[in-house]
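Each chain, written out:
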Amino acid sequence: MSGRQWPVRSRGLLNPASRAFWGLLCLACVAAAAHAQERREREPNSVYAERRAKLAAQLDGPMVLWGFTGREEVSEAYVFEQEENFYYLTGHNEEGAGLILLPAGQKGDVANVSRETLFLPAKNPQKEKWNGVRMSPSDPGIEARTGFVAVKSFESDFRSTVENLAKTFPNFYTILPYQKELGGYPHEKEVVDWLQAAAPQAKLKDIRAQIGALRQIKSSGEIAFLKEAIDLSLDSHFEAMKLMRPGLFEYQVSAKMVEIHAWGGSEAEGYAPIVGAGPNSTVLHYDKLSRKIEDGDIVVLDVGAQFSGYSSDITRTLPANGKFTARQREIYDIVLGAQNAALAALKPGMDFCNKSDKSVQKIAYNYINSHGRDLHGKSLGPYFIHGLGHHIGLNVHDAGDHCAPFQPGMVITIEPGIYIPEENLGVRIEDDVLITESGHKLLSERLPRDAGEIEKTMAEAGLARAAGATGERSQIRGDLSPAQTSADSVAIRSLIEKYSKSIDGADTVLAAEVWLDAPDVSFIHPLGHEHGFEQIKQNVYTHLMGDTFSERKLMVHDVSVHVYGDTAWAEFYWDFAAKFRRDGSPLTTHGRETQLYQKEQGRWRLVHVHYSGMPAGN
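Residues numbered from 1 in each chain as written. Predicted model: local features only at pLDDT ≥ 70, side-chain atom pairs only at ≥ 80, totals over all residues. Heavy atoms only, no water.

The helix and strand inventory of the protein stands at 16 helices and 23 strands. Relative to its 618 residues, the protein shows a buried fraction of 56%. Sequence separation of 24 or more characterises 69% of the internal contacts of the protein that already satisfy a separation of 6 or more. Carbon and sulfur atoms form 52% of the exposed surface of the protein, whose accessible area is close to 25300 Å². (Helix = DSSP H or I, 4+ residues; strand = E, 2+ residues; numbered from the N terminus. Buried < 20%, exposed > 50% of the residue type's maximum accessible area, 1.4 Å probe, protein only. Contact = heavy atoms within 4.5 Å. Areas by Shrake-Rupley, 256 points an atom, 1.4 Å probe, with all protein chains shown as cover.)

This is the structure:
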């Protein structure tokens, strides 16, 4: 999603367990889910306490923050989600809370104020009848539950505490009003007005930059949440590639993608979905989603899930009919080339800054400007009208200075684009990237970026749709008799059984009886996209199954097989039970798998697998 640094907040709902075993691996460091009213998984209290300690070391006076009150919106559709900076420091996701943090090194209590205090609304049984149980300062064990030294009443203690501190400290810190686009105003102004009334002599200083600097470097738990959000987004983009065709409306594609997110555990979208076809592909933040997709359209899909408050940001550009025109392919390949050029240079020390000699923005712009022309023979650089990327985290455009050098632990997007309204042609390719010590890791790698791969995925889906629509006796199968079709179906079901056993034993010999031994077979899964049987043997069977697990059991059910001529596709659901080799801990997860088969010299062989996980139970 291009452009803005401070977009509208997304909204959170209840959040289920992790989706699949690779998600569980990522989330091993994350604490168990909080109480139900927290509405999301969160990191351990110690992580939030460490953040507060780092901030306290930078203060020479108290820091005072409010969380959102729950009255920021009046719409019936509004669902509460905490102010980002407050949540980052507290992990608290209920309305009407406050935070006071004293400078580090303070000797004992000052004016009867602990070094850090969380203020919560008092218990209100009448309100809880309507809105559910909420945490209150009178709850038994509330300090241990929240991870705070002291928890007091917001209504009775917050203002008096500030007034007492004003007798000792000349300086107070808070987030000063940020009146630029979508910057938290007027909430921030309301807090400042209140502080100036409670402590009229105090000098107010802005703490925004210090919190923002901390937020740029993601903890292991934050990276795990981001990976979950990204994986859900990749699943929905795959589904959109399969679904896409002329005759659909933009909103129908968006609805399917949102459904995939919700079923997989997302509490909301990271931002309003963007699905722009034809002329709408050139509008950066197009959100009407009202156009019928036409044959020959190019379609930009900028749709990202949120997971436990952390937002992904993924964009792909698809040909509506499954095949790029020559001009669409030309522009697409230029954008992809610019993205690849930027990724090749991406490492710590580089930045997004146009003024820098280490700018990946410049690299991408120069690539676009030196490749291709518009209809008037002019360079395409002016059609790249937004920044190359931004940070992601609790906000889809998270805190981060465009001119600050990248550091390990940052998670950013790389999203070049070309938008030519005159041709109704817009192309954007956006991926999420973790900056590492030695370079970077492309977190969205398993989603195809190459135009040929996209066309292949769409073609396979179109073929499967046609087969499903016409039934097993469709003419697309040629002159096969019912008996022949039945025999082929039995043969493929037998191969699926062998496939399951080959996974159980991490058995590459048995796998060779199932898979076609060819460099163009493929295996798409949430950890990657394997090309060729040798790579599948090494990465899937030997490494992923053999090295990761000491025991494995793949059980398939609800198998459907569709045969047409010398090709076939099968779909089934699976349950996977295993034990980790490292410590013997158990794992149970579930998923759905689509397989493509090819018949050569009378023998069926597996040529393509695509599987995606479903909500997992451990």
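Moving on, we get to the pattern of salt bridges. Following the criterion strictly, the structure yields 34 salt bridges and no others. Among the salt bridges present, the one from D235 reaches R446, with a minimum N-O distance of 2.7 Å. On the criterion of sequence distance, the pair formed by D235 in helix α9 (residues 220-243) and R446 in the loop between β17 (440-442) and α13 (451-470) is long-range, its members being 211 residues apart. Per residue, the accessibility class of D235 equals that of R446, and both read buried. Ionic pairing is found between R428 and E415, a salt bridge with its closest N-O pair at 3.9 Å. With R428 in strand β15 (residues 425-428) and E415 in the loop between β13 (411-414) and β14 (417-420), the pair connects residues that are 13 residues apart, well separated along the chain. You'll find R428 and E415 in the same group, each marked buried. Among the charged side chains, a network of salt bridges with common partners joins E84, R215, K218 and D398. (Salt bridge = Lys/Arg side-chain N within 4 Å of Asp/Glu carboxyl O.)

What follows deals with the packing of aromatic side chains. Given two aromatic rings, their pairing is described by the distance between the two centres and the angle made by the two planes. Inspection of the entire model under this criterion finds 16 aromatic pairs. Taking the centre distance of 4.9 Å and the plane angle of 80° together, the rings of F352 and F406 count as edge-to-face. With F352 in the loop between α11 (326-345) and α12 (360-369) and F406 in the loop between α12 and β13, this residue pair connects regions lying 54 residues apart in the sequence. Among the aromatic residues, those joined into a cluster by ring pairs are W66, F119, F154, F158 and W194. We note R159 situated over the ring of W194; from NZ or CZ to the ring centre the distance is 5.9 Å. Over the ring of F580 we find R582, and its NZ or CZ is 4.7 Å from the ring centre. (Phe/Tyr/Trp six-rings, centres within 6.5 Å; stacked < 30°, edge-to-face > 60°. Lys NZ or Arg CZ within 6 Å of the ring centre and 35° of its normal.)

Under the defined criterion, the tally for this structure stands at 1 disulfide. Across the disulfide from C353 sits C403; the S-S distance is 2.1 Å. Between C353 and C403 the sulfur-sulfur dihedral comes to about 60°; the bridge is accordingly right-handed. Here the residue C353 occupies a position in the loop between α11 and α12, and C403 occupies one in the loop between α12 and β13, the gap between them amounting to 50 residues. You can call C403 partly exposed: its relative accessible area is 39%. (Disulfide = S-S within 2.5 Å.)

On to the sheet that holds β13, then. The antiparallel open sheet is built from 3 strands, whose spatial order is β13-β16-β17. The open sheet has two edge strands, β13 and β17, and neither has a second partner. Averaged over all pairs of adjacent strands, the angle between their axes in this sheet comes to 35°, without regard to strand direction. Pairing between strand β16 (residues 431-435) and β17: 3 bridges, direction antiparallel. Bridge pairing in β17 places I435 opposite H440. (Pairing = 2+ DSSP bridges. Axes fitted to C-alpha atoms, helices over the stretch in contact; angles between N-to-C directions.)

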